[in-house]
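Summary of structural features
So the chains spell out like this:
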Amino acid sequence: MSSSWKTTHSYGGNDGDDDNDDNDELEEEESKERLEQQRDCLVYLIDASPPMHVEDADGVSPFKACLNAASAQFRSRIINDHHDKVAIVLYGCASDLDEPSAGRIAQLERLAERRCFLCFKWDGLLSLAIGASSSDPEVGSGASFVLHEAFWVVNTIFSKSARKNDHKRVFLMTNCDRPHESSVELKRLAITRAKDLSANGVVIYLFGLENKGLPFEFDAFYKDNIVFSSDWEEGDEGSASQEEQRYFNASGGLEALTKNVEQKVFKKRTAFRCAMILGEGLEFGIRGYNLVSEVKPSSFTYLVGATNEEAAVQTSYVCKTTSQQLGMSDMDSYYPFGGEKAVFTKEEVAAIKHFGDPGVRLIGFKPLAAILRKPYHNLKHSVFVVPDETAYAGSSSIFIQLLARMHARAKGAICSYIPRKGVSPRVVALLPQMEEYDAVGNVIRPSGFHLIHIPFNDDLRKIDNVPEFDISEKLPVLEPAVKVFSEIIDKTTIKNFSIFNYQNPALQKHYANLQAVALKRDAADEVEDATEPNTAAIMRRIAKYVPKLREVLPEPEEPAAPVKTASKRKPAVTADAAPAAKKPKAGVGDDGRVDEDAVKGAWKAGTLQKLTVPILTAFLKQNGVLPEKRKDGLVAQVEAHFSSD
């Protein structure tokens, strides 16, 4: 195995690092640990009965649409979620593709980690589905099936392969909204098996498709029988009555189904769990969820070139003077202060960074208008906060009362926020948000607090040399141009703008290339850059306004010519006057020596930082001092040399 060794000296401080870097590293490590502890276990449960093979006008059957949507989602998530597990189960098959089963159920793949060979299995299944009829035994389509047997197979899969704290989900795809319509007993068994899944922490998501042009009726059987109103996963925003979060109307065909499947693939995990402290002895539990988080390309792993095995990276610290290898207990840390090294032990650094136990502590209240007046003071993405009953019983009651009163009085809370141990506190604002409903009565915005990170006074920066101008003086002159610009803005306004229409092109290109290499394809798929403006369409819309704009815009003012001043003549040097003595200039001579008077003059003038590293190094060697490698250390050594004289 290959090793990588990092060499540094015993007082090797990290220049430029701060507490935020340590916090980010700690947050990343804990995030990885949470991801390893809680995997996502997903089972695709796809109906393969004859109605699923009836093709529409475009020649696409619901069965093919399900396979395409699941395959596209699987490929898009395999890169980031390779530790998660997935299984593929078909029910309503004419012949078993895996092992004999009276329930006509085919388990194409057991619950296992996402791997590239599953992509080939998807491709093989899709190739079988192309051009297949409803009675094709290779695809597996039978008229009779029992739904409770499919749920039993799914429950068995989770019991054998999933852990207790795993995130267990089932994507049920079907266009049969009234299964077992003539059998009350089979309906009862299906409902019982669905309740068993719910009791074991499995969440069922239903994707209903059209059946011969008729829309899927969710209320006919599945609502509150298979998809329960109380069957909502931890972290879903809103109340438990939001059954539409468990059901997706995929009647729009392949595009709508693919969009809905991809929308539900992201897991919701808590960003933090802690207590909110209103005062001494009054606290309740809360948890937060990231609504927005930047997605970055996955990090690469070093491999040994000869064997293609993963390389082990090792870090060692070596004393600069003795070359002795050091352990973590042999090293301290220092911070430069006034040219001196303020040395701290690990325990002292930890004590300096300790500001109390994790939690959100109330400082006071502020009008919402005052907080929202400066949105540019938001330091990072917000976190959505909801009550947490697991840590403190009765947290929801206090949370709801506080939320309702703050919303009624248009107040926001200013708090001190410590997300975890060893992290510096931040000042945050809690902005209340009440539930909003659509015309049908469904919740479209859940109730809770938005936790906004606001800056300290030390974080604010004042920009100098910013040109100031009074816009009110220029408005009368530019009024005609303002009208033209208004028309241009109207013509180029994006209607129905949605961030879901814009994907990160760099990220998608990275994924496309990884997928092409992993699946042994000749070339990567083309990635459409949605951020590239449609210049042709824009010019078609605003072309007629360009001449108008040139007419109404005033001529640019010519800058005033700079006033030339007569240069001062140097006084003539008379024969009697002695020429002025030149100041000695520091530099390394051919013999490797430095003018000490020049260096001393720079020390007295406080301009040692202007001297180059070779000059400082040569001066220290000239005086028998072992020079350091960094310029700050060299300057400190020179100052110490002159101070001791």
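Look up: the structure comes first, before these words.
Residues numbered from 1 in each chain as written. Predicted model: local features only at pLDDT ≥ 70, side-chain atom pairs only at ≥ 80, totals over all residues. Heavy atoms only, no water.

1. Thoughts on the overall build of the protein chain
Our working definition: Labels follow the DSSP assignment, with helices taken as runs of H or I lasting at least four residues and strands as runs of E lasting at least two, numbered in each case from the N terminus. Residue burial is assigned from relative accessible area. The probe radius is 1.4 Å, only protein chains are included, and a residue is buried under 20% of its type maximum, exposed over 50%, and partly exposed in between. The contact rule is simple, with two residues in contact once any of their heavy atoms fall within 4.5 Å. Surface accessibility follows the Shrake-Rupley procedure with a 1.4 Å probe radius. Residue values consider only the protein chains on display as shielding.
Secondary structure summary: the protein chain contains 16 helices and 19 strands in total. Every one of the 645 residues in the protein chain was classed for burial, and the buried ones make up 35%. Residue pairs at least 24 apart in sequence account for 70% of intrachain contacts in the protein chain once pairs closer than 6 positions are excluded. Working note: accessible area of the protein chain is about 40,300 Å², and carbon and sulfur atoms make up 53% of it.

2. Here's the deal with helix 15 (residues 613-622)
Since one α-helical turn is 3.6 residues long, residues separated by three or four positions face the same way. Counting buried residues in helix 15 gives seven out of ten residues, a clear majority hidden from the surface. Among all positions in helix 15, only Ile 615, Leu 616, Thr 617, Ala 618, Phe 619, Leu 620 and Gln 622 are buried. On the buried face of helix 15, the contacting elements are helix 14 (596-605) and helix 16 (631-644). Once helix 15 ends, the next one or two residues include Gly 624, with phi positive near 75°.

3. Side note on unusual backbone geometry
Phi at His 180 takes a positive value of approximately 55°, unusual for a residue other than glycine. If you trace the backbone, His 180 turns up in the loop between strand 4 (167-174) and helix 5 (184-199). Classification of His 180 by relative accessible area gives buried; the value is 14%. In this structure, Ser 323 is a non-glycine residue whose phi angle is positive, near 60°. Following the sequence through the fold, Ser 323 ends up in the loop between strand 9 (317-318) and strand 10 (325-326).

4. Concerning the pairing of strand 14 (residues 383-387)
Selection criterion: Being paired, for any two strands, means DSSP has found at least two bridges between them.
In terms of residue burial, strand 14 counts as a mostly covered element, since five of its five residues are buried. Side chains of strand 14 alternate between two faces, with Val 383, Val 385 and Pro 387 and Phe 384 and Val 386 buried alike. Examined bridge by bridge, strand 8 (residues 282-290) and strand 14 share five bridges and lie antiparallel to one another. Of the residues in strand 14, the one forming a bridge with Ile 286 is Pro 387. As paired elements, strand 14 and strand 19 (residues 448-454) share three bridges and run antiparallel to each other. Considered in strand 19, the bridge of Val 383 is made with Leu 451.

5. Digging into the packing of aromatic side chains
Centre-to-centre distance and the angle between the planes together describe a pair of aromatic rings. The cut-off we apply is this: Side-chain rings of Phe, Tyr and Trp (the six-membered ring for Trp) are treated as a pair once their centres are within 6.5 Å; stacked means planes under 30 degrees apart, edge-to-face means over 60, and tilted covers the remaining angles. By definition here, charges over rings are those cases where NZ of Lys or CZ of Arg is within 6 Å of the ring centre and within 35 degrees of the ring normal.
A complete count under the given rule lists twelve aromatic pairs for this structure. For the pair Phe 171 and Phe 207, a centre-to-centre distance of 5.1 Å together with 65° between the ring planes defines the contact as edge-to-face. Separated by 36 residues along the polypeptide, Phe 171 in strand 4 and Phe 207 in strand 5 (residues 202-208) bring together distant segments of the chain. The burial state of Phe 171 is the same as that of Phe 207; both residues are buried. Through successive ring pairs, a cluster of aromatic residues spans Tyr 44, Phe 171, Tyr 205 and Phe 207. The ring of Tyr 334 has Lys 341 sitting right over it, with the charged end atom 5.3 Å from the ring centre.

6. Describing the environment of Lys 548
Mapped onto the secondary structure, Lys 548 falls in helix 13 (residues 545-552). Taking relative accessible area as the criterion, Lys 548 reaches 39% and is therefore assigned partly exposed. With 67 residues separating them along the chain, Lys 548 and Ala 481 place their C-alpha atoms 8.3 Å apart.

7. Observations concerning the nonpolar core
Soluble globular proteins: nonpolar side chains tend toward being buried together. The cut-off we apply is this: Note on terminology: a nonpolar core comprises buried Ala, Val, Leu, Ile, Met, Phe, Trp, Tyr and Cys residues joined through side-chain atoms within 4.5 Å.
One finds Leu 45, Phe 151 and Tyr 222 to be the most contacted residues of the largest nonpolar core, which totals 30 residues. Of all the secondary structure elements, the ones that give two or more residues to this core are strand 1 (40-47), strand 2 (85-91), helix 4 (147-161), strand 4, helix 5 and strand 5. For Phe 151, the residues in contact, after removing those within four places along its chain, are Leu 45, Leu 172, Ala 190, Arg 193, Ala 194, Leu 197, Ile 204 and Ile 226. Membership of the second largest hydrophobic core comes to 20 residues, among which are Phe 399, Met 406, Phe 449 and Leu 451.

8. A look at the pattern of salt bridges
Short version of the rule: Here, a salt bridge means any side-chain nitrogen of Lys or Arg that lies within 4 Å of a carboxyl oxygen of Asp or Glu.
Applying the stated criterion across every chain yields a total of ten salt bridges. Close ionic contact of Arg 287 with Asp 388 constitutes a salt bridge, the shortest N to O distance being 3.8 Å. Of this pair, Arg 287 sits in strand 8 while Asp 388 is found in the loop between strand 14 and helix 9 (395-408), placing the two residues 101 residues apart along the sequence. Its relative accessible area of 2% is what places Asp 388 among the buried residues. Through salt bridges with shared partners, a single ionic network connects Asp 177, Arg 178 and Glu 217.

9. What to know about the packing of helix 4 against helix 5
Just so we agree on the cut-off: Throughout, an axis means a line fitted to C-alpha atoms (over the contacting stretch in the case of helices), and angles, computed between N-to-C directions, take values from 0 to 180 degrees. Convention used here: angles under 35 degrees read as roughly parallel, angles over 145 as roughly antiparallel, angles from 65 to 115 as roughly perpendicular, and any remaining angle as oblique. Working rule for handedness: look at the near helix, and if it is turned counterclockwise from the far one by less than a right angle, call the crossing left-handed; if clockwise, right-handed. For this scheme, ten residues count as nonpolar: Ala, Val, Leu, Ile, Met, Phe, Trp, Tyr, Cys and Pro. Four count as charged, namely Asp, Glu, Lys and Arg, and the remainder, Gly too, count as polar.
At a minimum axis distance of 8 Å, the contact between helix 4 and helix 5 shows a crossing angle of 20°. As summarised for this structure, helix 4 and helix 5 are arranged roughly parallel, according to the angle between their axes. Helix 4 and helix 5 meet at a crossing whose hand is left-handed. Note on element contacts: helix 5 touches helix 4 through Leu 186, Leu 189, Ala 190, Arg 193, Ala 194, Asp 196 and Leu 197, opposite Leu 147, His 148, Phe 151, Trp 152, Val 154 and Asn 155. Class assignment for the residues of the contact of helix 4 with helix 5 results in nine nonpolar, two polar and two charged.

10. A few points about the side chain of Asn 175
The following threshold applies: Here a polar contact is taken to be a pair of N or O atoms separated by no more than 3.5 Å, where protein atoms must pair a possible hydrogen donor with a possible acceptor and residues adjacent in sequence count only if both atoms sit in side chains.
Along the chain, the position of Asn 175 falls in the loop between strand 4 and helix 5. Within the structure, the side chain of Asn 175 is placed 3.1 Å from the backbone oxygen of Pro 51, a separation counted as a polar contact. Looking at Asn 175, its side chain comes within polar contact range of the main-chain oxygen of Glu 210, at 3.5 Å. Apart from the residues lying within four places of it in its own chain, the contact partners of Asn 175 are Asp 47, Pro 51, Met 52, Pro 62, Leu 209, Glu 210, Asn 211 and Phe 216.

11. Side note on the sheet that holds strand 13 (residues 359-367)
Whether parallel or antiparallel, the strands of a sheet pair through hydrogen bonds between backbone atoms. On the basis of which strands lie adjacent, the closed barrel formed by seven strands has the order 7-8-14-19-16-15-13 and mixed pairing. Taking the axes of each pair of neighbouring strands and ignoring which way they run, one obtains an average angle of 40° across the sheet. The pairing of strand 15 (residues 411-418) with strand 16 (residues 426-433) spans five bridges and is antiparallel. Within strand 16, the position partnered with Ser 416 by the bridge is Val 427.

Honestly, that's just the spatial picture; any functional story needs more than this.
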